[in-house]
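Listed here are the chains, written in short residue letters.
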Amino acid sequence: MTELKKFEKNGNQFVMKRQYGFGLLVVIGMLAFTIGGIYNKNTTMIWIFGILTVLCFISIWSQNFAVDLDKETFIIKNGLINKPMEIPFADFVNFELVKVKQNLITTNVSLNLYYLKNDKEKCIGIAQGFTTRSMQRLINEINEILKLNEHSRKI
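Sequence order as written defines the numbering, with residues in each chain counted from 1. At least 70 in pLDDT is required for a residue's local features to be given in this predicted model, at least 80 for side-chain atom pairs to be given and counted, and no such filter applies to totals for whole chains, interfaces and linings, which use all residues. Just so you know, side-chain values use all the structure's heavy atoms and leave hydrogens and water out.

Draft legend 1. Structural context of a nonpolar patch on the surface. Here a patch means residues that are over 30% exposed by relative accessible area and free of salt bridges, tied together within 9 Å if like-charged and within 5 Å if nonpolar (Val, Leu, Ile, Met, Phe, Trp, Tyr). For accessible areas, the Shrake-Rupley method is used with a probe of radius 1.4 Å. Any residue's cover is judged against the shown protein chains and nothing else. Should a side-chain nitrogen of Lys or Arg be within 4 Å of a carboxyl oxygen of Asp or Glu, the pair is scored as a salt bridge. The grouping of Trp47, Ile48, Ile51, Leu52, Val54, Leu55, Ile58, Leu80 and Ile81 at the surface amounts to a nonpolar patch, some 900 Å² of accessible area in total. The helix count covers DSSP runs of H or I at least four residues long, the strand count covers runs of E at least two residues long, and both are numbered beginning at the N terminus. Its place among the elements puts Trp47 in helix H2 (residues 43-62).

Right under this line is the structure:
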């Protein structure tokens, strides 16, 4: 097995390292609007964008993705309010890589995980970034981890 760059091993659980790139760009943009509100002395703008900046930063900090080989589950935590979701390997269907372009410039690439719940296909986001290469590396590392547990799938 090659050395994992995007995951940290914690016992028999592999936890994805935090990804700050895309989320921090959003937080910095909202912080700029907050500073603009301070500069223009617009208290409504200060409060709205100040609170949104803090909430987005906390959301980035609380986002989590882990592969637990003991329980044979993916553990995904997205957002502030949502509880961590455990998806068994047996319910896993596949990964999807979504690329959003604006005028030939890639603005967002997201990695989604499809799974079955009550015989219906569901989707949940795992990570976001700016390049397909980084998301493909993430998929490759997840496959390496699943091969440790002999649950490799073709993607």
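Draft legend 2. Region of the structure containing the packing of helix H1 (residues 21-40) against H2. Comment: axis = line fitted to C-alpha atoms, over the contacting stretch for helices; angle = value between 0 and 180 degrees taken between N-to-C directions. Their axes nearest at 8 Å, the elements H1 and H2 cross at an angle of 160 degrees. Between H1 and H2, the angle falls in the class roughly antiparallel. For the pair H1 and H2, the sense of crossing is left-handed. Contacts between H1 and H2 involve Gly23, Leu24, Val27, Met30, Leu31, Phe33, Thr34, Gly37 and Ile38 from the first element and Met45, Ile46, Phe49, Gly50, Leu52, Thr53, Cys56, Phe57 and Ile60 from the second. Looking at the contact of H1 with H2, its residues break down into 13 nonpolar, five polar and no charged. These descriptions rest on fixed angle ranges, namely under 35 degrees for roughly parallel, over 145 for roughly antiparallel, 65 to 115 for roughly perpendicular, and the rest for oblique. Crossings are classed by handedness, with left-handed meaning an anticlockwise turn of the near helix from the far one by less than a right angle and right-handed meaning a clockwise turn. Any two residues whose heavy atoms approach within 4.5 Å at even a single point are treated as in contact. Classification convention: Asp, Glu, Lys, Arg as charged; Ala, Val, Leu, Ile, Met, Phe, Trp, Tyr, Cys, Pro as nonpolar; all other residues, Gly among them, as polar.

Draft legend 3. Quick peek at the sheet that holds strand S8 (residues 120-129). On the basis of which strands lie adjacent, the open sheet formed by three strands has the order S6-S7-S8 and antiparallel pairing. Each edge of the open sheet is held by one strand with a lone partner, namely strand S6 (92-102) and S8. Strand-to-strand twist of the sheet, defined as the mean angle between neighbouring strand axes without regard to direction, takes the value 25 degrees. As paired elements, S6 and strand S7 (residues 105-117) share 10 bridges and run antiparallel to each other. Residue Leu97 lies in a different strand from S7, and its bridge partner there is Leu111. Set on the sheet, helix H3 (residues 132-148) makes contact with S6, S7 and S8; between it and S6 the angle comes to about 170 degrees. Pairing between strands is defined by DSSP: at least two bridges between the two strands are required.

Draft legend 4. Broad picture of the nonpolar core. Formed by 26 residues in total, the largest nonpolar core has its most connected members in Phe7, Phe65, Phe74, Leu113 and Ile126. Of all the secondary structure elements, the ones that give two or more residues to this core are strand S2 (13-16), strand S3 (64-68), strand S4 (73-77), S6, S7, S8 and H3. For this core, the element with the highest residue contribution is H3, accounting for six residues. Sequence-distant contacts of Phe74, that is, excluding residues within four places in its chain, are made with Phe65, Ala66, Val67, Met85, Glu86, Ile87, Phe89, Phe92, Leu113, Ile142 and Leu146. Nonpolar cores are built from buried Ala, Val, Leu, Ile, Met, Phe, Trp, Tyr and Cys residues. Side-chain atoms within 4.5 Å join them into one set. Exposure is judged per residue with a 1.4 Å probe applied to protein chains only, and the accessible area is read against the type maximum: over 50% gives exposed, under 20% gives buried, and values in between give partly exposed.

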